[in-house]
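# An overview of the molecular structure
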Amino acid sequence: MKKLFSGAGGILAGLLVAFVFFGSSSLGAEEQALSSENKSNAEAVYVPHGEHDEYYLINSGGHSGQLFVYGVPSMRHIRTIPVFTPDPATGYGFDKESKEMLGGYTWGDLHHPALSETNGDYDGNFLFATDVANNRVAAIDLEDFHTVDILEVPNIGGPHCAAFVTENTEYIFLPTRFSLPFDTEYASLDDYSEEFRGVMSAVTFDQESKEFDVAYQVALPPWSYDKARAGKRDSSDWAVISTYNTEEATTNLEINASQADRDYIVLFNWKNLEERVANGEYEEFNGEKMIYPEKHKGDIYLVPVAKSPHGIDVSPDGKYFIASGKLAPAMTVFSFEKAFEAIENEDFSGERNGLPVLNYDSVMEREVDPPGALGPLHTQFDERGNAYTTMFISSEVVKWEYETGEIIDRQDVYYSPGHLVTPHGDTAEPQGKYLVSLNKIAKDNFLSVGPSHPESMDLLDISGDEMRHLMSVPVNPEPHYGQMVHRDVINPFHVYEMDESNPYAVYDQKDTRIERDGDNVTVYGIAMRSKFIFDAASERPDVIEVNEGDTVTMHITNTDFDQDIVHGLGIMDYDLNFEQMPGQTKTLEFVADKAGVFPIYCTNFCSALHQEMTGYLMVKPKE
Amino acid sequence: MSKKLSFQSAASLFIAAGLLLITIFLPWWGMKFYAPQYQEGLNIIVYPYKLAGEIDIVNSLNHYIGMAQFSEESFPELQFLPWIIAGMALLIVITGLLRKMSLLYGLIGLFIIGGILGIYDIRRWLVSFGTNLDPKAPITVDPFVPPIIGENTIANFVTNSYFSYGSFLLLLVFLLILFPLWKERRQ
Ligand SMILES: [Cu+2]
């Protein structure tokens, strides 16, 4: 028996030696090449400690209602910016101001972040994003990466292809995905074509007061508006929107909105519309200035396009707009110049819903059909005349020259890319260094966390002729679109300055106080390392005493004017929590409707004695 | 002994007076604090009339060891020091105008006494702040006295004390006042 074992052992050992020896020698070259490629890829994305990434990548978070900030090329997740969804981590949606901004909604479907622009390039001032779910538009101040305004826009049905800004941020346009009953709140779907409209809004943003306003709206035909872009340079007064369901179907759109051979690109001149509004050529509608394009012709045209288009993008030189097929395999390049000429010559093939339809052949420059590539969606650019288009179905990025249509390179991504982004890639000044593909599916690329796998991003180096795949990373859901901006363009501040004119701010411990006016209790307190002071003169300065039913207002100032020293204030069992950044004053308001003793504590780890940074809310029961 | 100072000597004194006035607006002495989370360092910079640097942040950290708060009010010297300096400059100008050797000796004496007093004053504050620690402070550290020049370690902080431009210029002023001694001796 023993012999048998040792014999078997000997054979096994021999096999093992043979396998290791021959196995490794036959695979050696390939493995070595792979490992050196991995090594150089790793070096290309490695940002050593103390150094910063070259680009900010700001990604939409889709139905998470948030934005995500990554660094490129490291692909490190740096920050989550809550926009349409409350966020306990920052107390967003709990303090008075942000709670009012959210207006009672607990989620939003954040799409298509758009950085403010000057002369067709990002200026680093603000970022806009829309909420497809609840018809809102938000502005994020890039000085502190916080949401500063949210506007709920009336008369619209899901601003999906928004926000897109004009060359100098004159307008943020919000065309919508769903057409809705127009003159009435309810209309039968049988009357869809007559009673429904897809309204587009032109929104302005005042960068001084940080406020939105609706400038005017346009009652477009009852179709679905999918993606949009403003023109650039010579075409900067114009904008383009892709549409589907020009069939005006009301059910089973998968089939019924895919019937017509051609859908349309809506081409409009926003400068003309602006002038029309200034001349009073609009009708008051539900509080807004509404333009009916069938009554006021000359600003809006239709360009026929292969059925159910999705992405539409404008080349950096502003000469072309490129529509991508979704169902068709090709990208179609249209010429702005030819379109202007066709408009001038009234070279129309007909009219649809009162809008002139331009002759396809007069406007189309070329159709680009990379063999075997399927499902083109979105296109971004570099500064060398190249376009990069994601192929959702064939899971690849295709690099092609938009002046010639020549296919230059193709690179697999993992998997099913929706949008993609290059640095300043949708501006007049792209910086073709990196490309990030925003993938819908990761499948088994990462450690399994159950049936649902993360969304993912691929980072490519596009500085050379051939694209180089550098890395894949799992990311927060759902990367819908992103913009990549050079770090030099963004200048955040680090500490809020003292504002002696703010009546709610208290900077000196001696000025802390609790005031009572009937049933209203107002706290003027401070948070500092590592204590709360609500009333310095009190025996217990960190205790707030109120009666059941009182309305409590807490103005809390963080008096640590020190970068990154953030305090949070949570009240147990009251579902309350808000944050104060260095030097910032914030206000929390609530009704003390539960009697008892409720510990208050600092939620944001601030110092060694953070655990001791506590107090009490004492709510005396009603007699 | 009643020999008059030369014009060169008087000029040297006038320059000294001018430079002395300038020192009022320059930092004289400073302290820089380094900690792992403050790699960039926190400053306390002392001008004859004000404190500069990240005083609030230093205060908010010092409260952990129970050290008194730095503020301009806690240093009464800052109220009258500029006047003393200006007065001194005036005395130098007068000496230069009268060109009297005896006044020059008095001036040099005053300067030396002033310097010693100044250094004693800094030392006194360092002792006072470092040793009068609140016994109820959350972190108990042994009383300490940072040096007037050089390094000291306290809790997680390494401190570096140093003289700054104002003091260097002050030294130059002193040399300019001494200059007549050398000048007149040669003649
Ligand atoms: Cu805290």
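Here, every reference points to the structure presented above.
Notes on the structure follow. Keep in mind it's a predicted model, so treat the numbers as computed, not measured.

## Side note on the overall build of chain A
Assigned secondary structure in chain A consists of 7 helices and 43 strands. With respect to the three principal axes, the spread of C-alpha positions in chain A is 100 × 80 × 45 Å. Within the span of chain A, comprising 623 residues, buried residues form 56% of the whole. Considering only residue pairs separated by 6 or more positions, chain A has 59% of its internal contacts joining residues 24 or more positions apart. Looking at chain A as shown, the accessible area adds up to about 27100 Å², and 49% of this sits on carbon and sulfur atoms. Averaging the coordinates of the 45 positive side-chain charges in chain A and doing the same for the 103 negative ones gives two points 6 Å apart.

## Side note on the side chain of S98 of chain A
Residues and elements named next belong to chain A. Relative to the assigned elements, S98 resides in helix α2 (residues 96-102). For S98, a relative accessible area of 4% corresponds to the buried category. A polar contact of 2.8 Å, which involves the side chain of S98, links it to the backbone nitrogen of G93.

## Some points on helix α6 (residues 336-344) of chain A
Residues and elements named next belong to chain A. For α6, the full list of buried residues reads F336, A339, A342 and I343. Angularly, the buried residues of α6 cover 120° about the axis, an arc narrow enough to put them on a single face. Along α6, exposed side chains directed more than 90 degrees from the buried face belong to E337 and E344. Between the side-chain oxygen of the N-cap and the backbone nitrogen of E337 there are 3.2 Å, and the N-cap of α6 in question is S335. Just downstream of α6, E346 is the residue with a positive phi angle, here 50°.

## Points about the environment of A608 of chain A
As for its position among the elements, A608 of chain A is in the loop between β42 (596-601) and β43 (614-620). Along the sequence, A608 of chain A and F598 of chain A sit 10 residues apart, while their C-alpha atoms lie 23 Å from each other.

## Examining the packing of helix α3 (residues 77-98) of chain B against helix α4 (residues 101-131) of chain B
Residues and elements named next belong to chain B. The contact between α3 and α4 brings their axes to 10 Å, and the two run at 165°. Accordingly, the angle class assigned to the pair α3 and α4 is roughly antiparallel. Relative to α4, the crossing made by α3 is left-handed. Where α3 abuts α4, its residues E77, M88, L91, I92, T95 and L98 lie against L103, L104, L107, L110, F111, D121, R124 and W125. Tallied by class, the residues present in the contact of α3 with α4 amount to 10 nonpolar, 1 polar and 3 charged.

## A closer look at the coordination of the copper ion
All names here are of chain A. Note on the copper ion: its protein donors are H567 (ND1), C602 (SG), C606 (SG) and M613 (SD). The metal-donor distances range over 2.2 to 2.5 Å. Here the copper ion is ringed by 4 donor atoms whose angles at the metal span 96 to 126°, and the overall shape comes out tetrahedral. Binding-site remark: the copper ion is held by donors from one chain whose sequence spacing is H-x34-C-x3-C-x6-M.

## A look at the interface of chain B and chain A
Taken together, the contact between chain B and chain A spans 7 residues of the former and 8 residues of the latter. With both sides pooled, the region where chain B packs onto chain A buries about 630 Å², and carbon together with sulfur makes up 53% of that total. In terms of surface lost to chain A, no three residues of chain B exceed I57, H63 and Y64 of chain B, which account for 55% of the buried area on that side. Viewed at the interface, chain A and chain B are joined by 0 salt bridges. Scanning the region where chain B abuts chain A turns up 6 residue pairs in polar contact (both at pLDDT 80 or more). Here the element with the most residues in the side of chain B that touches chain A is helix α2 (residues 55-62) of chain B; it accounts for 3 residues. Per-class residue counts for the side of chain B that touches chain A are 5 nonpolar, 2 polar and no charged.

## What about unusual backbone geometry?
Residues and elements named next belong to chain A. With an omega of -10°, the peptide bond between Y414 and Y415 qualifies as cis. Summarising the element assignment, Y415 is placed in the loop between β28 (407-412) and β29 (417-421). Residues P477 and E478 are joined by a peptide bond in cis, for which omega reads -15°. Mapped onto the elements of the fold, E478 is located in the loop between β32 (468-475) and β33 (482-486). Positive phi outside glycine occurs at S308, with the angle close to 50°. Inspection of the secondary structure puts S308 in the loop between β18 (300-306) and β19 (312-314).

## Description of the packing of aromatic side chains
All names here are of chain A. This structure, assessed with the given rule, holds 41 aromatic pairs over all chains. Note on F182 and F285: the rings are 4.2 Å apart at their centroids and 5° apart in plane angle, and the pair reads as stacked. Of the two residues, F182 sits in the loop between β10 (180-181) and α3 (192-195) while F285 sits in strand β16 (residues 283-285), which places them 103 residues apart along the sequence. Overall, F182 belongs to the buried group, its relative accessible area being 13%. The interplanar angle of 45° and the centroid separation of 5.9 Å between the aromatic rings of Y507 and F561 together place this pair among those described as tilted. Of this pair, Y507 sits in the loop between β33 and β34 (513-517) while F561 sits in the loop between β38 (551-558) and β39 (567-571), and the two are 54 residues apart along the sequence. A relative accessible area of 18% means that Y507 is categorised as buried. On the basis of relative accessible area, F561 is assigned to the buried category, the value being 18%. Each residue in the set W238, Y301, F321, F334, F336, F340, F348 and Y360 is aromatic and connected to the rest through ring pairs, giving one cluster. Over the face of the ring belonging to Y481 we find K227, whose NZ or CZ atom lies 5.6 Å from the ring centre. It is R513 that lies over the ring of Y524; its NZ or CZ is 4.0 Å from the centre.

What counts as what
Each chain carries its own residue numbering, running from 1 in the direction its sequence is written. Labels are handed out in written order, letters beginning with A for the chains and numbers beginning with 1 for the ligands. Note on the predicted model: pLDDT of at least 70 is required for a residue's local features to be given, and 80 or more for side-chain atom pairs to be given and counted; whole-chain, interface and lining totals, by contrast, use all residues. In computing side-chain values, all of the structure's heavy atoms are included and hydrogens and water are not. Think of it this way: any DSSP run of H or I at least four residues long counts as a helix, any run of E at least two long counts as a strand, and we number them from the N terminus. Exposure classes here rest on a 1.4 Å probe applied to the protein chains alone. A residue is buried below 20% of its type maximum, exposed above 50%, and partly exposed in between. Contact between two residues is taken to exist if any of their heavy atoms lie within 4.5 Å; hydrogens are not considered. Only the protein chains shown count as cover for residues, and the accessible areas themselves come from Shrake-Rupley with a 1.4 Å probe. In summary, the charge assignment counts Lys and Arg as positive and Asp and Glu as negative, without counting His or the chain termini. Lysine's charge is taken at NZ, arginine's at CZ, aspartate's at CG and glutamate's at CD. Polar contacts, as counted here, are pairs of nitrogen or oxygen atoms within 3.5 Å of one another; within protein the pair requires one atom able to donate a hydrogen and one able to accept it, and residues that are adjacent in sequence qualify only if both atoms are side-chain atoms. What the arc covers is the set of directions going from the helix axis to the C-beta atoms. Axis definition: a line fit to C-alpha positions, over the contact stretch in the case of helices; interaxial angles, taken between N-to-C directions, run 0 to 180 degrees. Relative orientations are named as follows: roughly parallel for angles under 35 degrees, roughly antiparallel for angles over 145 degrees, roughly perpendicular for angles from 65 to 115 degrees, and oblique for any other angle. Take the far helix as your reference; a near helix turned counterclockwise from it by less than a right angle gives a left-handed crossing, and one turned clockwise gives a right-handed crossing. Following the grouping adopted for this structure description, the nonpolar residues are Ala, Val, Leu, Ile, Met, Phe, Trp, Tyr, Cys and Pro, the charged ones are Asp, Glu, Lys and Arg, and the polar ones are all others, Gly among them. Any N, O or S atom lying within 2.8 Å of the metal counts as a donor, and for Na, K and Ca the limit rises to 3.2 Å; water is left out, so some sites can look incomplete. Just to be clear on the cut-offs, tetrahedral is four donors with all angles between 85 and 135 degrees, square planar is four donors and octahedral six with opposite donors over 155 degrees apart and all others between 65 and 115, and anything else goes down as irregular. Summed over both partners, buried area is the accessible surface (1.4 Å probe) that two parts give up on being assembled. We define a salt bridge as a contact between a side-chain nitrogen of Lys or Arg and a carboxyl oxygen of Asp or Glu at a distance within 4 Å. Ring pairs are drawn from Phe, Tyr and Trp, using the six-membered ring of Trp, whenever the two centres fall within 6.5 Å, and their geometry is named by plane angle: stacked under 30 degrees, edge-to-face over 60, tilted for the rest. Definition used: whenever NZ (Lys) or CZ (Arg) falls within 6 Å of the ring centre and also within 35 degrees of the ring normal, the charge is taken to sit over that ring.

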